[in-house]
Amino acid sequence: MDRSTLLRRLATTALAGAGLLSASAAFAGEVTIWCWDPNFNVAIMKEAGERYTAQHPDTTFNIVDFAKADVEQKLQTALSSNTTDALPDIVLIEDYGAQKYLQSFPGAFADMTGKVDYSGFAPYKVNLMTVEGKTYGMPFDTGVTGLFYRRDYLEQAGYKPEDMQNLTWDKFIEIGKQVEAKTGKKMIGLDVTDAGFTRILMQSGGQWYFDSEGGLNIEKNTALKAALEVQQKMLQGGVVKTASGWTDWVSTFTSGDVASMVTGVWITGTVKAQADQAGKWGVAPIPSLGIDGASQASNLGGSSWYVMESSAEKDEAIDFLNTVYAKDVSFYQKILTERGAVGSLLAARTGDAYMEADSFFGGEKVWQSFSDWLSKVPAVNYGVFTNEVDTAVTAHLPSLAQGAQVDQVLTEIQSQAEGQIQ
C-alpha cells in the first residue's frame, strides 16, 4: 500500500469516526420536569417542549404536575437523603427559595455559567441564582410590580393618569385621602397577614432581609424601616381597607371597594376577569420610598428552572432550556398573550405582543410598561431564610396600626428572626 492510499484510508476512517461522534452527540432521551400550576407553569412548559421537539424529534418530555408544596417537599427529601435517582432532570424553584437550595446542597444543581448568555436577562433574576461567581438555572417569569389604579375613582377625585406618575408614598397617601373624601372608597387594600407588600417596598429601596454576604439585615435596614413607616402612615391615615388572607385581599379590588393596589404583574388576569371594569383601570410605576437609592420598580414572586447535576439527560436539559427560554422571543409573545406570563428575557420586550395597546387599561401599552420596569428592579440577596423572616415581620404588622415605634418593631423582628433561623 503506497503512502497516498494509506493517507486516504486514514482520512476516511477519521471522517467516519467523526460521524459516529456527531451521531452519539444527538439528543434522544426523555426529560422529566417537576413544576406546579397546570394553567401556568405546566402549560407553558408543554409549549416549550413542543417547540423543542419540533427541532429535536427524538427528545420527549415528561412534565409532572405537583402542588408547589409537594415539589418543595420531594426535592428537599431527595437532596437531603442523596437519593438522586428520585430526582427529575429539571425542577421549578420559587426565586425566594433558590439560595436556600443552592447553598444547602452544593453540587446538586448544574452550573450553567458559560452555557447561557445571562446578560440577556433581568439582572435581579440572574443575581438570585448566582453563588460564588457561578450561575445556576434558567430565569423564567417575573413578579415585576406596578401600581394598578381605578381611573374612574381618581378622576372623580380630580386626578388624571399623569398625576399617578413619579409618586412618593406620602403623595400616594395624600391622594388616597382625597379619593375617600370624594368617592367614599379606600385607596388601597392591605393584607395584614402577609409580608408581601413589605417585601415589595423594601426591594424597591434596594435592600432585603439579608445583606450581600447573607447576614441578617433588620435593625439597620433603611429600606425595611421606610417600608414599615409607609404602612404605618397608610394604616393610621385611614386610606387602607384591611384584609385577612389572599381571597379577602383580592375581593378588595375585584369588588370595587378600593381605588388601587400594588402587586406583581401576574395579577393582571384577575383584574381583567372583571368585565364590567373594562376601561376603568390604569397602571403606573409604584411610588418611591424616598430614600437614597430608591427605585420605582420592585418584584413579588417569580420562579426559575434548574437542571439537576445528577441528571442523565443534563446536557439535553440545558440545551432545551437554552434553546427556548434564552433565545426564542416568539415563545415569550405566545405565553404573554395566552397565559399572562411576563418572562425575564429582555429581548422579548421588542415583540409585537408587548407593544399592543390594551383597551381594558384605557389603551395603555401595559405589557411594555411592565417590561420596562422589569429592567429596573433592584438586585438583592434573597438569602436562605426569607420565609422565616417573613413570619417575624407578619407577626408585628398589626402593631403598626396601634402606633408602635418602628425602631422598636425592627428590634422585635430582629430578635424573633434570630430565634427562627438558628
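All values reported here derive from a predicted model rather than from experimental measurement. (Residues numbered from 1 in each chain as written. Predicted model: local features only at pLDDT ≥ 70, side-chain atom pairs only at ≥ 80, totals over all residues. Heavy atoms only, no water.)

Colleague: Teacher, can you tell me more about the overall build of the protein chain here?
Modeller: Tallying secondary structure elements over the protein chain gives 17 helices and twelve strands in all. Expressed as a percentage of its 422 residues, the buried residues of the protein chain come to 52%. Carbon together with sulfur atoms contributes 48% to the accessible area of the protein chain, which is approximately 18,000 Å² in total. Within the protein chain, the 51 negative side-chain charges are centred at a point lying 4 Å from the centre of the 33 positive side-chain charges. (Helix = DSSP H or I, 4+ residues; strand = E, 2+ residues; numbered from the N terminus. Buried < 20%, exposed > 50% of the residue type's maximum accessible area, 1.4 Å probe, protein only. Areas by Shrake-Rupley, 256 points an atom, 1.4 Å probe, with all protein chains shown as cover. Lys, Arg positive; Asp, Glu negative; His and termini not counted. Charge placed at Lys NZ, Arg CZ, Asp CG, Glu CD.)

Colleague: Please clarify how the packing of helix H9 (residues 222-236) against helix H16 (residues 386-401) should be interpreted in this entry.
Modeller: To characterise two packed helices, one gives the angle between the axes of the helices and the distance between these axes. Look at H9 against H16: their axes get within 8 Å of each other, and the N-to-C directions meet at 45 degrees. The angle between the axes of H9 and H16 places the two elements in the oblique class. Remark: the crossing between H9 and H16 carries right-handed chirality. Of the residues in H16, those in contact with Leu-228, Gln-231, Gln-232, Leu-235 and Gln-236 of H9 are Leu-397, Leu-400 and Ala-401. In terms of residue class, the contact of H9 with H16 is built from five nonpolar, three polar and no charged. (Axes fitted to C-alpha atoms, helices over the stretch in contact; angles between N-to-C directions. Parallel < 35°, antiparallel > 145°, perpendicular 65-115°, else oblique. Left-handed = near helix turned anticlockwise from the far one by under 90°. Contact = heavy atoms within 4.5 Å. Nonpolar A, V, L, I, M, F, W, Y, C, P; charged D, E, K, R; others polar.)

Colleague: I would appreciate a short explanation of the pattern of salt bridges in the present structure.
Modeller: Opposite charge on two side chains lets them pair, provided their charged atoms get close. One pass over the full model with this rule turns up 16 salt bridges. One salt bridge connects Glu-174 with Lys-171, and the closest N-O pair in it is separated by 3.1 Å. With Glu-174 and Lys-171 both in helix H7 (residues 169-183) and three residues apart, the pair spans about one turn of that helix. On the basis of relative accessibility, which here comes to 42%, the residue Glu-174 falls in the partly exposed class. Overlapping salt bridges, with partners in common, bring together Glu-47, Arg-51, Asp-328 and Lys-334 in one network. (Salt bridge = Lys/Arg side-chain N within 4 Å of Asp/Glu carboxyl O.)

Colleague: Please clarify how unusual backbone geometry should be interpreted in this entry.
Modeller: A negative phi angle characterises most non-glycine residues, just as the trans form characterises most peptide bonds. Of note in this structure, Asp-37 is not a glycine but carries a positive phi near 70 degrees. In this fold, Asp-37 is placed in the loop between strand E1 (30-35) and helix H2 (38-55). Owing to a relative accessible area of 33%, Asp-37 belongs among the partly exposed residues under this scheme.

Colleague: Please clarify how the sheet that holds strand E2 (residues 60-65) should be interpreted in this entry.
Modeller: Whenever strands of a sheet pair, they do so through backbone hydrogen bonds, lying parallel or antiparallel. Read from one edge of the open sheet, five strands run E2-E1-E3-E12-E6, paired in mixed fashion. Each edge of the open sheet is held by one strand with a lone partner, namely E2 and strand E6 (138-139). In terms of strand pairing, strand E3 (residues 90-94) meets strand E12 (residues 303-307) through five bridges, oriented antiparallel. Opposite Ile-93, over in E12, you have Ser-304 as the bridge partner. Contacts between helix H3 (residues 68-81) and the sheet are confined to E1 and E3, with E3 contributing the most and set at about 115 degrees to the helix. (Pairing = 2+ DSSP bridges.)

Colleague: Please explain helix H4 (residues 95-104) as it appears in this structure.
Modeller: For an α-helix, 3.6 residues make a turn, and residues three or four places apart therefore share a direction. Summarising burial for H4: seven of the ten residues are buried, a large majority. Here H4 has its buried residues at Asp-95, Tyr-96, Gly-97, Ala-98, Gln-99, Tyr-101 and Leu-102.

Colleague: Even after reading the chapter, I still don't get the confidence of the model for the protein chain, so can you show me in this structure?
Modeller: The predicted structure's coordinates, where accompanied by low pLDDT, should not be read in detail. Residue-level pLDDT values for the protein chain average 92, and 94% of them are 70 or greater. Per-residue pLDDT stays below 50 along residues 1-25; that stretch engages in two contacts with residues further than four places along the chain or on separate chains. (pLDDT = per-residue confidence, 0-100.)

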